[in-house]
Amino acid sequence: MSGSIAVVGAGPGGLTAAMLLAGRGYRVKVFEKADRVGGRSAAITESGFSFDTGPTFLMMTFILREMFQEVGRNLDDYCTVMPLDPMYRLNFKDVSFDPSRDNEVTYQRIRDTFAGEESGYRKLLKRESVRYRYMYPCLQKPYGNPFSMLSPRLLRALPHLSAGRSLYSVLGNYFKNDNLRISFTFQAKYLGMSPWNCPGLYAMIPFIEHNFGVDHVKGGLSAISEAMARVIKEDGGEILTSTPVSRILTDGRGRATGVMLPDGSKEEYDAVVLNADFGYAAEKMFEEGVIRKWTPSRLDRSNYSCSTYMLYLGMDKIWDEPHHQIVLADDYRRNITEIMGEKILSEDVSVYVRNASVTDPTLAPDGHSALYVLVPVPNTRAPISWDDDCRREFRERVIARIADRTSIKDLEDHIVFQKEITPADWRDEYSIYQGATFNLGHNIRQMLYFRPHNRFEEVGNCYLVGGGTHPGSGLPTIYESARISSDLIRRDLPQ
Ligand SMILES: Cc1cc2nc3c(=O)[nH]c(=O)nc-3n(C[C@H](O)[C@H](O)[C@H](O)COP(=O)(O)OP(=O)(O)OC[C@H]3O[C@@H](n4cnc5c(N)ncnc54)[C@H](O)[C@@H]3O)c2cc1C
C-alpha cells in the first residue's frame, strides 16, 4: 500500500513521528516490544503508585506544544502542564540553592547565597540568549551530507560554538564560585556527560531552563506518551504493544522494505521509522552485511553517555522535600571523574531525588508518595558486576546519602513498594547499548553530520528518531528528531 509507515518503538521519538505522520495522512503502524508505550519514558505502575521510568524534567514545553499543533491539537486538551517554582533544589554539602523560574527571584537568591556573584547571572542570561538564538535553529535541520555542515545558518552560528572549551570553562565567564558554576553546569548530566568535557555550546541548556522554566505534567511525564498514543489512534494509526520487531527487512539494494516479527511473519511498508536504541538496533536488527559504517567495532569504539542506577520507592508517607532535588557529592568533580573517566562506583555519590507527590497527589494513594531516585553511574563498559552484593552495598550508600543531606531519615521504614534498575538492567531488559541511558555521547565528533543521520545513511527508506540520532538525547531534541525525520519522509514519499 502506498504511504504506509512502520514505526519500530513507541518511545517519545517513535510516538512523535507516528503522531506527525498519521496527522499528515500516512498509514502508520507502531510496533512496541514492551507492554506499554513510552519506552524510557513509560510509567511504572504498581499498587496505586505511578513513577516515570526516566524523564522527569520537561523543558521547552513549547516544542511539545508545536508537535501537537502540527496535527491540529492543543496539548492542554490532552495533558495538564504544571510549571514548577522553584525549579529544583541544588543541595551542596554546606549550602542549598533553589533557582526560581522568575529570574529576578533567582538573582536575589544568588545575591543572598553567593554574594558578589549576582551580576554574572544577568550576564549569563544575556550572552546565552544570543548563543541559543544562533544554535537552536541549527539543531532543527537535518545533516545528511557533508555540505550541510557548510549551511549559512551553521556558519553564522560558528562563533557561538565556544569550540575547544568545556561547559564548565564557559561558565567561568560568569561565576567564580565553584558551587555556582556547578549549579549551571550539572545540566551536562542531562546528556550523561561531564561538565568538564561537555562542549561549551551546551551553556544554552542552563539558559533554556532559566528562560523557559521546568515543567511537570500531571500524572507524570509518561502522560505525554499516552496522550500522543491517543492522538495517533484518533488519526487512524495503529499501535501494537508487546509486539517486538526482530528484523528490519531490506532488499538487494539495501533499502528497507518492511519488518519481520519473531514468528517469522513479514509485513511490507514504504518506509520504516526506527526508534529502538541506535547501538542496539544497528547491532541486532539488520541482516548481516547491511550495516557497513556503524559496524560492531565502530559502535564499540564510539563514545557513550554514563548510565543510571534507579530506585522507585512507594512510601507510606509524604516527605516535606522539594519536587526535584539534586544532592551533589561532597567532591562533585571527583565523583564525575570516577563515573566518566575511572569508571568506578563512587563512595561519595551524587543523587537526584524526585519527590513529585508534593505537587502531584495523583502519583500515589492518599497519604503516600512516589519517590524516584536516580544516581549517575558508569555505563556497562565498566567492569562492575551489579550482582546482589554490589547492588545491596550501593543501595545502602545511596540511602545513607539521602538521609545525611535531607529530612528523609527513616526511609527504609516507610517503603511499601520498591523497584530497582541497574545499568545491566538498562542493557538487558531495555535493550540499551552499553546501558548508556542517554545514548551516544554529545561530543562534537558525534554531533550534527557525525551523528547517525535522520535519513539513515546505511539503509534507504529507513529514518531514525530518538536520542541516538540528530539532534540528540533529551525530550525536546527527541521531538525535533521526529519532526526532522517526518519532514524528510514527506519530501521523499509525498502523499
Ligand atoms: C533515567 C532517565 C532519566 C531521564 N531524564 C530526562 C529528563 O528529565 N528530561 C529529558 O528531557 N530527558 C530525559 N531522559 C532522556 C530521554 O528523554 C529519554 O530516555 C527518552 O525516553 C528517550 O526516548 P527515545 O525515543 O530516544 O527512546 P526510548 O524511550 O528508549 O524508546 C525506544 C522504544 O523502542 C522500543 N523497542 C526497542 N527495540 C524494539 C524492537 N525490537 N521492536 C519494537 N520496539 C522496540 C523500546 O521498548 C522503547 O519503547 C532521561 C532518560 C533516562 C533513562
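Remember, predicted model here, so these are calculated numbers, not experimental data.

Parameters at a glance
- Residues numbered from 1 in each chain as written.
- Predicted model: local features only at pLDDT ≥ 70, side-chain atom pairs only at ≥ 80, totals over all residues.
- Heavy atoms only, no water.
- Near = heavy atom within 4 Å.
- Polar contact = N/O pair within 3.5 Å; in protein donor to acceptor, adjacent residues only side chain to side chain.
- Areas by Shrake-Rupley, 256 points an atom, 1.4 Å probe, with all protein chains shown as cover.
- Helix = DSSP H or I, 4+ residues; strand = E, 2+ residues; numbered from the N terminus.
- Domains from an automatic or database assignment.
- Buried < 20%, exposed > 50% of the residue type's maximum accessible area, 1.4 Å probe, protein only.
- Contact = heavy atoms within 4.5 Å.
- Pairing = 2+ DSSP bridges.
- Axes fitted to C-alpha atoms, helices over the stretch in contact; angles between N-to-C directions.
- Core = buried A, V, L, I, M, F, W, Y, C linked by side-chain atoms within 4.5 Å.
- Parallel < 35°, antiparallel > 145°, perpendicular 65-115°, else oblique.
- Nonpolar A, V, L, I, M, F, W, Y, C, P; charged D, E, K, R; others polar.
- Right-handed = clockwise from strand over helix to strand, strands pointing away.
- Buried area = accessible area lost by both parts, 1.4 Å probe.
- Salt bridge = Lys/Arg side-chain N within 4 Å of Asp/Glu carboxyl O.

Novice: I tried to follow the site of the ligand on my own but got confused; where do I start?
Specialist: Around the ligand sit 36 residues, and of these E32, R40, S41, G467 and L475 come closest. A distance of 2.8 Å separates an oxygen atom of the ligand from a polar atom in the side chain of S41. Contact distances for the ligand include 2.7 Å between an oxygen atom and a backbone N or O atom of L475. For the ligand, whose unbound accessible area comes to 990 Å², protein coverage reaches 94%. For the shell around the ligand, the secondary structure elements donating two or more residues are α1 (12-23), β15 (307-315), β18 (369-377) and α15 (475-492). The two domains that each donate at least three residues to the shell around the ligand are domain 1 (4-82 + 219-294 + 452-492) and domain 3 (304-428).

Novice: When you look at the side chain of S307 in this model, what are you seeing that I'm missing?
Specialist: Here S307 lies in strand β15. Relative accessible area serves as the criterion here: at 0%, S307 is assigned to the buried category. At a separation of 2.6 Å, a polar atom in the side chain of S307 contacts the main-chain carbonyl oxygen of G435. Excluding residues within four positions of it along the chain, S307 makes contact with V375, P376, V377, P378, N379, P423, W426, G435 and T437.

Novice: Can you walk me through the sheet that holds strand β14 (residues 271-274) in this structure?
Specialist: Sheet strands pair via backbone hydrogen bonds, and the direction of the pair is either parallel or antiparallel. Read from one edge of the open sheet, five strands run β10-β2-β1-β14-β20, paired in parallel fashion. Of all strands in the sheet, those with a lone pairing partner are β10 (238-240) and β20 (462-464), marking the two edges. Averaged over all adjacent pairs, the angle separating strand axes in this sheet is 20°, with direction ignored. Its contacts with the sheet put α15 on β1 (4-8), β14 and β20, and the angle it makes with β20 is roughly 160°.

Novice: Can you help me understand the nonpolar core in this one?
Specialist: The nonpolar side chains of soluble globular proteins are, as a tendency, buried together. Grouped together as the largest cluster of nonpolar side chains are 114 residues, with contacts concentrated most on I5, V28, F68, Y88, F184 and I224. Those residues in contact with F68 that lie beyond four places of it in its chain are M19, R73, L75, Y78, A227, M228 and V231. Within the second largest apolar cluster, 28 residues are counted, among which are I248, L274, V290 and C462.

Novice: I'm lost on the sheet that holds strand β19 (residues 415-421) in this one. Help?
Specialist: A sheet is described by the order of its strands in space; here seven strands give the open sequence β8-β7-β16-β17-β18-β15-β19, paired in mixed fashion. With partners counted over all chains shown, the strands left at the sheet margins are β8 (96-97) and β19, one partner each. In this structure, β15 lies alongside β18, joined through nine bridges in antiparallel fashion. Across the sheet, residue S307 finds its bridge partner in β18, namely V377.

Novice: What am I meant to see in the packing of helix α4 (residues 118-139) against helix α8 (residues 204-212) here?
Specialist: Packed helices, taken two at a time, are described by the angle their axes make and the gap between the axes. Axis separation between α4 and α8 bottoms out at 8 Å; the angle between their running directions is 105°. Classified by the interaxial angle, the pair formed by α4 and α8 is roughly perpendicular. Residues Y121, L125, E128, S129, R131, Y132, M135, Y136 and L139 of α4 touch α8, and the partners they reach there are M204, F207, I208, H210 and F212. A class-by-class count of the residues in the contact of α4 with α8 yields 10 nonpolar, two polar and two charged.

Novice: I tried to follow the pairing of β1 on my own but got confused; where do I start?
Specialist: Taken residue by residue, a regular strand's side chains alternate between the two faces of the sheet. Counting buried positions over the five residues of β1 gives five, a clear majority of the element. Neither face of β1 is open: one carries S4, A6 and V8, the other I5 and V7, and all of them are buried. Two elements, β1 and strand β2 (residues 27-31), share five bridges in a ladder whose sense is parallel. Bridging from a neighbouring strand, S4 pairs with R27 of β2. On the question of chirality, the crossover connecting β1 to the parallel β2 by way of α1 is right-handed. Pairing geometry for β1 and β14, over four bridges, is parallel. Paired with I5 across the two strands is A271, which belongs to β14.

Novice: Would you mind showing me how to read the domain arrangement of the protein chain here?
Specialist: The parts lose accessible area when they come together, and the size of an interface is often stated as this lost area. Domain boundaries assigned for the protein chain yield domain 1 (4-82 + 219-294 + 452-492), domain 2 (104-209) and domain 3 (304-428). Once you take the C-alpha centre of each, domain 1 and domain 3 turn out to be 28 Å apart. Domain 1 puts 17 residues into the contact, and the matching count from domain 3 is 25 residues. When the buried surface of domain 1 facing domain 3 is broken down by residue, F49, F51 and T56 rank first, second and third, together holding 36% of it. Across the domain 1-domain 3 interface, the total number found is one salt bridge. Between R354 and D52 there is a salt bridge, and its shortest N-O distance comes to 2.9 Å. For the interface between domain 1 and domain 3, the tally reads seven residue pairs in polar contact (both at pLDDT 80 or more). The set of elements that each furnish at least two residues to the side of domain 1 that touches domain 3 consists of β3 (43-46) and β4 (49-52).

Novice: So what exactly am I meant to see when it comes to the side chain of S100 here?
Specialist: Relative to the elements of secondary structure, S100 occurs in the loop between β8 and α3 (103-113). A polar contact of 2.9 Å, which involves the side chain of S100, links it to the side chain of D85. In contact with S100, other than residues within four places in its own chain, are D85, P86, M87, V105, T106 and R109.

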